[in-house]
Amino acid sequence: MEIDDKSQLPRTITDGIYGAANYLASVKGCFTIICLLVILLPAFLLGPYLPIIDIIQYVGLHNYPPKLSFGPEHIYVFQFTFILPHILLRLLHDMQISAAWQICLLYCLLMLVAFFVLSKIYTIFFKNGKMYYFATAASLFAVWDGLFLWGGPLPFSLAAALFSIAFYYYIREGAYSEDNSIKITAILFLACTSHPFAIPFVLILLGVRFLVQSNNTQRVKALLCMVPIFCFAALIMIDSPESDVKAELLKLVSFHINNLIKNVKMLYLSPKVITEFIYSERMPKTLQIFFWVRSSIILLGFALSAICMFLKSTSRPHRYLYVYVFVTLLLYLTSVDVTDVIVEWPARILSFSGIFLFASGFIVIHQLISKTRLTRPITMAASAWGNAPLIILIVCMSAIHTYLPFNIFYPKSKIFQFNYLQVRSQLIEEASNCFITFRYANLNPYYLHSMEKLLFSDKKIIASGILLENDWHKLQRHNTRVINANNKKEVIYLIYCGKDRLLHVRKLRDGNARELDKKPH
């Protein structure tokens, strides 16, 4: 469209700047800025070597130079699994972004998606109420569950992020009578290309849409959306090199009532046990209390959702959320850990949909309270002074959010960086053109195990002709392979941890260990 009056263009820009300034000066604008600072600043100031093992491992294993994929030592086997993470990590590598900063960027990407999806969903459910701000700020806590950063290993996390975007469009479809079938199907299919184990969650969501929709046309569309997902699942099954795994897959979506009490206990106990195991630090009491409150809100949302989804007064967006939460939590509470197929499956169920399971507690409580006659409508105060207590509350919650999880794993970032750089320098100094196998002795904390995978694709390690093999390469389901190391001498290194938790590296020669380095400072 051609602008006749050239003065309109500067005026449009001025209006845009004025509108942006007004938004930033509003309560919602201040709230958004605070949340973004809480998410972004700790990562970039205290990073980039964030000791989040499930991101580090995938970044390290998939950042090898493209030419190496076709060499005599290392090959990439194409399989219909983890396609999207491969593309994303290869793009980041080709953009010359270091592996360390990729870890930081991926962390921020996942956190930002979680924040914006939650804030959009809460906008639909809470309108302009103060509950919107409280619930959104509180829900930032639910992204980390002590073991996984919202979803699990990176392909799972990316699938969870895409799934959450599709879930938002479902809620929006129910609230505004839209038809987002094509958009939702495309996003859900991308989630499945990120990790095939996203398929059960996708099918649950599509089944919920079929059940909740009253329009027969929309029901047919929900069934049609399942067709490409089923086809992709069949393709993965045919393509999988592990035929013994296929027989165990049904256990992932089966219900074992005898596990109910055990999984309820794990809902409360596992964050403390796992966090202390990974980081070798006692979990602060404040963080323990938070995880107990978090677990209670999830169970309360589960119980109340089962009641509210049958009430006639419950709107379609609420039913979408409640039915999905009920089915998913029932699957978690009765799930079994199928270690041969995927480790920590119950925890991954909880983590994959964790933000929705947590959010449902706030939403269902808000719905029940709003139905009582004792409650007055919650509206925003008109004046800035009237919103001052709210801003103070948000700032305090954001500060607590920064303190609780980050006081455990962010200080480890510097420890990880020191150890990683030291081990790398020792290997380059002592070894060249060799095939390295690592053995561990008292390596503690556990997150330091991910260092081996980050070393795998380190540019300086590759330039020295050093090839590393780890447990990833021994599993047929994964795409990376070390296929030929015959032209290299094998050197076995023993990595162990001293009392100061700083790494020592020793080379094994004739059964004897020779220390390569002095005690680190």
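Residues numbered from 1 in each chain as written. Predicted model: local features only at pLDDT ≥ 70, side-chain atom pairs only at ≥ 80, totals over all residues. Heavy atoms only, no water.

Asks: Quick question: what am I supposed to make of the overall build of the protein chain here?
Replies: What the protein chain contains, in helices and strands, is 20 helices and seven strands. Counting every position in the protein chain, which comprises 521 residues, the buried fraction comes to 53%. Taking the contacts inside the protein chain whose residues are at least 6 apart along the sequence as the reference set, 76% of them involve residues at least 24 apart. (Helix = DSSP H or I, 4+ residues; strand = E, 2+ residues; numbered from the N terminus. Buried < 20%, exposed > 50% of the residue type's maximum accessible area, 1.4 Å probe, protein only. Contact = heavy atoms within 4.5 Å.)

Asks: Quick question: what am I supposed to make of a nonpolar patch on the surface here?
Replies: Among the surface-exposed residues, Ile33, Leu37, Leu41, Leu45 and Leu46 lie close enough to one another that they form a single nonpolar patch of about 430 Å² accessible area. Relative to the assigned elements, Leu46 resides in helix H2 (residues 27–46). By relative accessible area, Leu46 is classed as partly exposed at 37%. (Patch = residues over 30% accessible without salt bridge, like charges linked within 9 Å, V, L, I, M, F, W, Y side chains within 5 Å. Areas by Shrake-Rupley, 256 points an atom, 1.4 Å probe, with all protein chains shown as cover. Salt bridge = Lys/Arg side-chain N within 4 Å of Asp/Glu carboxyl O.)

Asks: How should the state of the cysteines be read in this particular structure?
Replies: What is meant by a disulfide is a covalent connection between two cysteines, made through their sulfur atoms. Under the counting rule described, the total for this entry stands at zero disulfides. No disulfide involves Cys108; its sulfur sits 4.6 Å from that of Cys104, the nearest cysteine. (Disulfide = S-S within 2.5 Å.)

Asks: Just to check I follow, could you spell out the pattern of salt bridges for this structure?
Replies: It is possible for side chains of opposite charge to pair when their charged atoms get near one another. Under the criterion given, the structure shown has seven salt bridges. Of the charged contacts, one joins Arg172 and Glu178 as a salt bridge, the two residues approaching to 3.1 Å between their closest N and O atoms. Taken together, the salt bridges that share partners define one network made up of Glu173, Asp179, Arg209 and Lys221.

Asks: Help me out: how do you make sense of the packing of helix H3 (residues 53–61) against helix H5 (residues 99–126) in this one?
Replies: Geometrically, a packed helix pair is captured by the angle between its two axes and the distance between the axes. Across the interface, H3 lies against H5 with an axial gap of 10 Å and an inter-helix angle of 130°. Considered as vectors, H3 and H5 are oriented oblique to each other. Once H3 is placed against H5, the crossing between them reads as right-handed. Only Ala99, Gln102, Ile103, Leu106, Tyr107 and Leu110 of H5 make contact with H3, whose side of the interface consists of Ile55, Ile56 and Val59. Among the residues making up the contact of H3 with H5, the classes are represented as eight nonpolar, one polar and no charged. (Axes fitted to C-alpha atoms, helices over the stretch in contact; angles between N-to-C directions. Parallel < 35°, antiparallel > 145°, perpendicular 65-115°, else oblique. Left-handed = near helix turned anticlockwise from the far one by under 90°. Nonpolar A, V, L, I, M, F, W, Y, C, P; charged D, E, K, R; others polar.)

Asks: Can you walk me through the packing of helix H7 (residues 154–176) against helix H8 (residues 181–194) in this structure?
Replies: Remark: H7 packs on H8, axes separated minimally by 8 Å, with the N-to-C direction vectors making an angle of 165°. With respect to H8, the axis of H7 lies roughly antiparallel. Crossing hand, H7 versus H8: left-handed. Between H7, through Pro155, Leu158, Ala159, Leu162, Phe163, Ile165, Ala166, Tyr169, Tyr170 and Glu173, and H8, the contact on the second element is made entirely by Ser181, Lys183, Ile184, Ile187, Leu188, Leu190, Ala191 and Ser194. Tallied by class, the residues present in the contact of H7 with H8 amount to 14 nonpolar, two polar and two charged.

Asks: Explain the environment of Gly174 here, please?
Replies: Tracing the backbone shows Gly174 in helix H7. For Gly174 and Val212, which are 38 residues apart along the polypeptide, the C-alpha to C-alpha distance reads 9.4 Å. Among all residues touching Gly174, those that are not within four sequence positions of it are Arg316, Pro317 and Tyr320.

Asks: Teacher, can you tell me more about unusual backbone geometry here?
Replies: With phi around 60°, Phe82 is a residue other than glycine that occupies positive phi space. Its place among the elements puts Phe82 in the loop between strand S1 (74–76) and helix H4 (83–94).

Asks: Which parts of the structure should I look at to understand the nonpolar core?
Replies: Grouped burial of nonpolar side chains is what soluble globular proteins tend to show. Of all hydrophobic cores here, the largest spans 153 residues; its most connected members are Tyr107 and Phe163. The element that contributes the greatest number of residues to this core is H5, accounting for 18 residues. In contact with Phe163, not counting residues within four places along its chain, are Leu188, Ala191, Phe201, Val202, Leu205, Tyr324, Phe352, Ser353 and Phe356. (Core = buried A, V, L, I, M, F, W, Y, C linked by side-chain atoms within 4.5 Å.)

Asks: Whenever I open this one, the confidence of the model for the protein chain confuses me. Can you help?
Replies: Note that predicted coordinates carrying low pLDDT should not be read in detail. Averaged over every residue, the pLDDT of the protein chain is 78; residues scoring 70 or more account for 79%. Long-range and interchain partners of residues 373–385, a stretch whose pLDDT sits below 50, account for 14 contacts in this model, where long-range means more than four residues apart. Low pLDDT (under 50) marks residues 509–521, which in the prediction has 32 contacts with non-local residues, meaning those over four places away or in another chain. (pLDDT = per-residue confidence, 0-100.)

Asks: Honestly, the packing of aromatic side chains in this entry has me stumped. Any pointers?
Replies: Two aromatic rings, taken as a pair, are described by how far apart their centres are and by the angle between their planes. Under the criterion given, the structure shown has 26 aromatic pairs. Judged by centre distance (5.3 Å) and plane angle (50°), the ring pair of Tyr168 and Tyr169 falls under tilted. Looking at Tyr169, the relative accessible area reads 21%, which means it is partly exposed. The rings of Phe156, Phe163, Phe167, Phe197, Phe201, Tyr324, Trp345, Phe352 and Phe356 are connected pair by pair, giving a single aromatic cluster. Positioned above the aromatic ring of Phe210 is the side chain of Arg219, whose terminal nitrogen or guanidinium carbon lies 5.2 Å from the ring centre. (Phe/Tyr/Trp six-rings, centres within 6.5 Å; stacked < 30°, edge-to-face > 60°. Lys NZ or Arg CZ within 6 Å of the ring centre and 35° of its normal.)

Asks: Looking at this model, I keep getting lost on H2. Mind explaining?
Replies: A rise of 1.5 Å per residue sets the reference length of H2, with its 20 residues, at 28 Å; its end C-alpha atoms lie 28 Å apart and thus fit the reference within 8%. By the largest-angle criterion, Leu40 marks the main kink of H2, which is about 30°, and a proline, Pro42, follows within four residues. Buried residues of H2: Val27, Gly29, Phe31, Thr32, Ile34, Cys35, Val38, Ile39, Pro42 and Ala43, and no others. (Expected span 1.5 Å × (residues − 1). Bend = angle between axes of the 7 residues up to and from the residue.)

Asks: In this structure, what is going on with the side chain of Thr193? I would like to understand it.
Replies: Structurally, Thr193 is set in helix H8. Owing to a relative accessible area of 8%, Thr193 belongs among the buried residues under this scheme.

Asks: Help me understand the environment of Tyr133, please; the structure alone is not making it clear to me.
Replies: Mapped onto the elements, Tyr133 comes out in helix H6 (residues 130–139). Separated by 101 residues in sequence, Tyr133 and Thr32 place their C-alpha atoms 9.5 Å apart.

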